[in-house]
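Tertiary structure, described
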Amino acid sequence: MLKLVGRELFLNLNTCRCSSSSNCISLRNLRIQAGKTQAETAEILDVSTSTYKRWEKNPLDMPHGMWLETVQYLEMSAQIRKKARMATEYPKQKVEYVPPASEEELAEERKSYTVPIPDDLPDIFTPSKPVTNEQTIAWECRNIEPYPGYAEEYAAWEDAWENINRAQAEADGNHYNYVDNMNLQPEFDPQTDAPIDYEEPTVFQNAETNKVEVHLPYEDEVKADAEAHGEDTSITGDEEE
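Residues numbered from 1 in each chain as written. Predicted model: local features only at pLDDT ≥ 70, side-chain atom pairs only at ≥ 80, totals over all residues. Heavy atoms only, no water.

**Topic: the pattern of salt bridges**
- Scanning the model with the defined rule gives four salt bridges in all.
- The partner of Glu 56 in a salt bridge is Arg 31, and the shortest N-O contact between them spans 2.7 Å. Of this pair, Glu 56 sits in helix α3 (residues 49-57) while Arg 31 sits in helix α1 (residues 27-34), placing them 25 residues apart in sequence. As far as the burial class goes, Glu 56 and Arg 31 line up, both buried.
- The partner of Arg 110 in a salt bridge is Asp 123, with the nearest N and O atoms 2.6 Å apart. Of this pair, Arg 110 sits in helix α5 (residues 103-111) while Asp 123 sits in the loop between α5 and α6 (133-142), and the two are 13 residues apart along the sequence.
- Taking relative accessible area as the criterion, Arg 110 reaches 22% and is therefore assigned partly exposed. (Salt bridge = Lys/Arg side-chain N within 4 Å of Asp/Glu carboxyl O. Helix = DSSP H or I, 4+ residues; strand = E, 2+ residues; numbered from the N terminus. Buried < 20%, exposed > 50% of the residue type's maximum accessible area, 1.4 Å probe, protein only.)

**Points about α3**
- Restricting attention to buried positions, one finds in α3 the residues Thr 51, Tyr 52, Trp 55 and Glu 56. Along the axis of α3, the buried positions cluster into a sector of 135°, meaning they face one direction only. Residues of α3 that are exposed and point more than 90 degrees away from the buried face comprise Ser 50 and Lys 57. (Arc of directions from axis to C-beta.)

**Description of the side chain of Glu 56**
- Taking the relative accessible area as the measure of exposure, Glu 56 reaches 11% and is therefore buried.
- Non-local contacts of Glu 56, meaning those with residues more than four positions away in its chain, are made with Leu 27, Arg 28, Arg 31 and Gln 38. (Contact = heavy atoms within 4.5 Å.)

**Side note on unusual backbone geometry**
- At Asp 46, a residue that is not glycine, the phi angle is positive and equals roughly 60°.
- In this fold, Asp 46 is placed in the loop between α2 (38-45) and α3.
- For Asp 46, a relative accessible area of 62% puts it in the exposed group.
- Positioned with a positive phi, Asn 143 is a non-glycine residue whose angle comes to about 60°.
- Of note, Asn 143 is situated in the loop between α6 and α7 (150-171).
- With a relative accessible area of 54%, Asn 143 lands in the exposed category.

**Re α1**
- Buried residues of α1: Leu 27, Leu 30, Arg 31 and Ala 34, and no others. Down the axis, α1 shows its buried residues gathered within 100° of arc, on one side only.

**Topic: the packing of aromatic side chains**
- All told, the structure shown has eight aromatic pairs when counted by the stated rule.
- Residues Trp 139 and Tyr 154 carry aromatic rings whose centres are separated by 5.9 Å and whose planes lie at 65° to one another, so their mutual orientation is edge-to-face. Here Trp 139, found in helix α6, pairs with Tyr 154, found in helix α7; they are 15 residues apart in sequence, far enough to count as distant.
- Assessed through its relative accessible area of 24%, Tyr 154 is described here as partly exposed.
- On the basis of an interplanar angle of 45° and a centroid distance of 5.8 Å, the ring pair of Tyr 154 and Trp 157 is categorised as tilted. In this pair, Tyr 154 and Trp 157 both sit in helix α7, three residues apart, roughly one turn of the helix.
- Take Trp 157: its relative accessible area is 18%, and that puts it in the buried class.
- Linked through ring pairs, Phe 125, Trp 139, Tyr 147, Tyr 150, Tyr 154 and Trp 157 together constitute an aromatic cluster. (Phe/Tyr/Trp six-rings, centres within 6.5 Å; stacked < 30°, edge-to-face > 60°.)

Below you can see the structure in the form of structure tokens.
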């Protein structure tokens, strides 16, 4: 017996089942829409092909429960087949190559800045050592440095332009939103090996537990002082484990 698994299909299964009325559900039409043969459908229903052929020709000979499950199965298969066909029938689009900006275009864009730009800051990152195309692709795709120190050079060039763009946005009167990178761990005093107190609360990710934590300045001292005065320092409310 067929057992259906999946979301319920919104079908009017109270519709009459017959072989003549145009208002009735046609097993043959559903089977064709689902892309199934009579033999495949019979195998799913665990009946012989000849038995299913007789049922499809005259649904009144079919047990009502079997008919309901067959309609659900064929309707579900038809919807899955339709979605799969739609996913492969997107119209083809022409791919157009967009060449990189020319030196003249970069120079004009540089002139549009009103904030000062260092003369030695290039518009396009220029490594200090020769780099092949294969090495450039390896860096862009797999983050493999062409030579030691390449990442630092690239980051310094990006940071320089980032600061210039921030200054230009402020000069234009635009609000520039940015978030500093999250610290993986708080800084530790090399002599005492104790966490350094921050002037402001700092959010960081604990590398050992992989949990996001908040480090408060003088947290231990404040808690100890509160406990000394008999205050309750336990956390109330729901806590996420």
